[in-house]
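In case you want the letters, here they are:
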Amino acid sequence: MQHQSQPMPDPDSDDTNVAVRVDRISKIFQGNEDEVRALDEVSVSIRRNEFFTLLGPSGCGKTTLLRVIAGFEPPTMGALYLGGRDISRLPPNQRPVNTVFQNYALFPHMSVANNIAFGLEMLGKSKGEIQTTVYDMLKLVQMEHLKARRTSEISGGQQQRVALARALAPQPEVLLLDEPLSALDLKLRRDMQIELKRLQHETGITFIFVTHDQEEALTMSDRIAVMSAGKILQVGTPREIYERPAERFVANFIGESNFLDAALSGGAVRLKAGGPAFAATPPKGVADGEVSILVRPEHGRVRMGAATEGELPATISNVVYSGEATTVHLRLATGETFKAKMSNTPAEDGGSMVQGAEAALSIAPGAVTVLKD
Amino acid sequence: MSDTVPPRHPARGYSVRSLPGFSIVALFTVATLYAPILILVAYSFNSGTSLAVWEGFSLRWYVQAAQNGEVIDAAIRSLYLALTAAGIATVAATMAALATTRTRRFPGKTMIYALINQPLMVPEIVTAVALLIVFAWIKVATGYTSMIYLIAAHTAFCIPFAYLPIRARLETMDNTLETAARDLYAPPMKVFLRVTLPQIWPGIIAGMMLAFVISMDDVVITEFVKSAGQDTIPTYMLGQLRRVVTPEVNAISTVILAAGAILVSLFFWISRERR
């Protein structure tokens, strides 16, 4: 009962909620002369039944982290816990973790059904149980009609489904997905995104998903870890990551960004380019003084004419029309540029902007995020 | 003649066939390769005893060879030797190919690759003399003489021939398949038996056939290593050359040729089935 008076406990400190805990893992690859630090003291806790995404540009270490969790790469340093148990030294065939590979890696000499049965056979399940599970899996991914086919005789989207069914069949505690949608065309990819969310919901298995596609990450994930150069920069829900990125890299990698110079003083931010003071909560470790702030393009409003109180004076340098929205490129008084995204509705009327004209920019209150660097 | 058959991969823009003299060079090459063999085969059916004068069609040399105890002995010995050596060499080569393609980079990997292929680089006569000396020591020390020396020698020089196609197959095989099998709870031996082996077996068959043919064909090392009464078909035929040569030699050669052709066709047929 005393608990109630205390602050909310961190859900990640309780191992019963945590599926995978990565504890200060480093991975160093030895080259001929140099060494590459693919993972640099990475720590993260992934909760049960979570759709967790590792997001970052190629070479950021996200696939290496996935391979460490699967057991394909031994970590150079650090420990890995699965449901509280240290599995750092277990070989991949003894980890209750399955992987969907980027190229699917289906066994070409086996039928669709035999591919799905493989993991169950290796676990020593009875014939009857294997048959039932394979049937359930085929049904789950809607592939019953193709069960006798060779994997070379089915389409890419179908191979994707078989790869999913094969990895889900042994009911792993965690499913690892290594950019599984990157080989599919756009339409199929959208369908599979919804399909994956459905599968995760129906099976209740923790999904760890690797992608470099920020839109994919935002639409599918419960939480996202943004990675760069072997480190995790920020972990949070899609909203937190998009609306409150901690660093310039995160903001830049996800969505469109405007970075502006500003002065922070006692919880209020004043832009160098003018305008009113904005209330902002700086991230830990940022002191008063010169700071960088982020404003997303959709939070800027542009009006033709001279700036008045609460607005920033600007010149329209370019107008880019893209159907449902118009992006207005502005030059501010400081010489900084600002992109404002206006919807082409009668209320905002982004399409009426004229290049070269004098304009006034207003920024929505609460839209200013102070960055760490 | 080839004008009537459309090329399977029509060359876009450039074809070597447009080079002057293409047809002449091609015909000359085919003729030098196959004319002597055709003559050899033809004279195996000669009813006379000459290798040069055609006297009429007959199967007498085939009958004679089939009734010649020394030929039968040598043929059985050759087959036994080639099958044993090729079998052992293929197992060793498969293990070597796995060790050089399914491991992380380790110091000396290139060196090991060179060592495996050593029989391809060292002149056969040098190996033959070396083996003669070493085996002579062992024979003196142990007093033991049997086919074991020939089997050991043939296995050694067969290994690189079996190794190369198996290694090539392993290199083209997607090794995420093995990673996937491990991920799906297969212990290492099961990974090999259930995933790697079914993927590389055309390479293994090819390697084994190559090793078999190389062993069947060997003269130099066999001649140096064999003990008395251990003639194989090639060394028997070599011995015959020192006496009167009859078309019996042609008949034996033709049988070997036919067996080889059947073996190779069989291999292509099997690998086509598997795609």
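Residues numbered from 1 in each chain as written. Chains lettered and ligands numbered in written order. Predicted model: local features only at pLDDT ≥ 70, side-chain atom pairs only at ≥ 80, totals over all residues. Heavy atoms only, no water.

(A) Structural view of the sheet that holds strand 20 (residues 369–370) of chain A. Residues and elements named next belong to chain A. Across the sheet, five strands lie side by side as 13-12-11-14-20; this open sheet has antiparallel pairing. A strand with exactly one partner marks an edge of an open sheet, and here the two such strands are strand 13 (277–279) and strand 20. Direction of pairing for strand 11 (residues 258–265) relative to strand 12 (residues 268–271): antiparallel, over a ladder of four bridges. Directly across from A262, in strand 12, lies its bridge partner L271. (Pairing = 2+ DSSP bridges. Helix = DSSP H or I, 4+ residues; strand = E, 2+ residues; numbered from the N terminus.)

(B) Local environment of the interface of chain A and chain B. Across the contact, 29 residues belong to chain A and 20 residues belong to chain B. Of the roughly 2,200 Å² buried where chain A meets chain B, counting both sides, 56% is carbon and sulfur surface. Three residues stand out in chain A for area buried against chain B, namely N93, H109 and M122 of chain A, and they jointly supply 28% of the buried area on that side. Counting across the chain A and chain B interface gives two salt bridges. For R104 of chain B, the salt bridge goes to E73 of chain A, with nearest N and O atoms at 3.6 Å. For the pair chain A and chain B, the number of links is nine residue pairs in polar contact (both at pLDDT 80 or more). Looking at the side of chain A that touches chain B, the elements that each hand over two or more residues are strand 6 (97–100) and helix 2 (112–122) of chain A. For the side of chain A that touches chain B, the leading source of residues is helix 2 of chain A, giving four residues. Class assignment of the residues belonging to the side of chain A that touches chain B gives a composition of 18 nonpolar, seven polar and four charged. (Contact = heavy atoms within 4.5 Å. Buried area = accessible area lost by both parts, 1.4 Å probe. Salt bridge = Lys/Arg side-chain N within 4 Å of Asp/Glu carboxyl O. Polar contact = N/O pair within 3.5 Å; in protein donor to acceptor, adjacent residues only side chain to side chain. Nonpolar A, V, L, I, M, F, W, Y, C, P; charged D, E, K, R; others polar.)

(C) Highlighting the packing of aromatic side chains. For the structure on display, the rule yields ten aromatic pairs over all chains. Taken together, a centroid distance of 5.1 Å and an interplanar angle of 55° make the contact between F135 of chain B and Y149 of chain B tilted. In this pair, F135 of chain B is assigned in helix 6 (residues 124–142) and Y149 of chain B in helix 7 (residues 148–172), connecting sequence segments 14 residues apart. For the residue pair F135 of chain B and Y149 of chain B, the accessibility class agrees, reading buried in each case. Here the aromatic cluster, defined as three or more aromatic residues joined through ring pairs, consists of F51, F207 and F209 of chain A. Here the basic side chain of R166 of chain A rests over the ring of F107 of chain A, its NZ or CZ set 4.7 Å away from the ring centre. The positively charged end of R296 of chain A is found above the aromatic ring belonging to Y242 of chain A, 4.1 Å away from the centroid. (Phe/Tyr/Trp six-rings, centres within 6.5 Å; stacked < 30°, edge-to-face > 60°. Buried < 20%, exposed > 50% of the residue type's maximum accessible area, 1.4 Å probe, protein only. Lys NZ or Arg CZ within 6 Å of the ring centre and 35° of its normal.)

(D) Molecular detail of unusual backbone geometry. Residue and element names in this part refer to chain A. You will see that Q142, though not glycine, has its phi angle at about 55°, which is positive. Mapped onto the elements of the fold, Q142 is located in the loop between helix 3 (127–140) and helix 4 (156–168). What makes Q142 partly exposed here is its relative accessible area of 43%.

(E) Summary view of the sheet that holds strand 1 (residues 18–30) of chain A. Residues and elements named next belong to chain A. The four strands are arranged 2-1-4-5 in an open sheet whose pairing can be described as antiparallel. Each edge of the open sheet carries a strand with a single partner, namely strand 2 (35–47) and strand 5 (85–86). Against the sheet, helix 1 (residues 62–70) contacts strand 1, strand 2 and strand 4 (77–82), and its axis sits at roughly 115° relative to strand 1. (Axes fitted to C-alpha atoms, helices over the stretch in contact; angles between N-to-C directions.)

(F) How the structure looks around the UniProt feature "domain: ABC transmembrane type-1" (unreviewed entry) in chain B. The UniProt record marks residues 75–268 of chain B with the feature "domain: ABC transmembrane type-1" (unreviewed entry), using the residue numbering of this structure. With 81% helix and 0% strand, the stretch residues 75–268 of chain B has end C-alpha atoms that lie 25 Å from each other. (UniProt positions renumbered as here; feature names shortened; annotations may be inferred.)

(G) Broad picture of the environment of Y163 of chain B. Residue and element names in this part refer to chain B. With respect to the secondary-structure elements, Y163 resides in helix 7. Separated by 63 residues in the primary sequence, Y163 and T100 have C-alpha atoms spaced 10 Å apart. Setting aside residues no more than four positions away along its own chain, Y163 makes contact with A93, A96, A97, T100, Y113, I116 and N117.

(H) Seen up close, the pattern of salt bridges. Applying the stated criterion across every chain, the model contains 25 salt bridges over all chains. Taking the shortest distance from any N to any O, the salt bridge between R24 of chain A and D23 of chain A comes out at 3.4 Å. According to the relative accessible area criterion, R24 of chain A is exposed, its value standing at 51%. Residue D40 of chain A is joined to R37 of chain A by a salt bridge in which the shortest nitrogen-to-oxygen separation is 3.7 Å. Looking at D40 of chain A, the relative accessible area reads 18%, which means it is buried. A single network of salt bridges, built from pairs that share partners, joins K27, R67 and E73 of chain A together with R104 of chain B.

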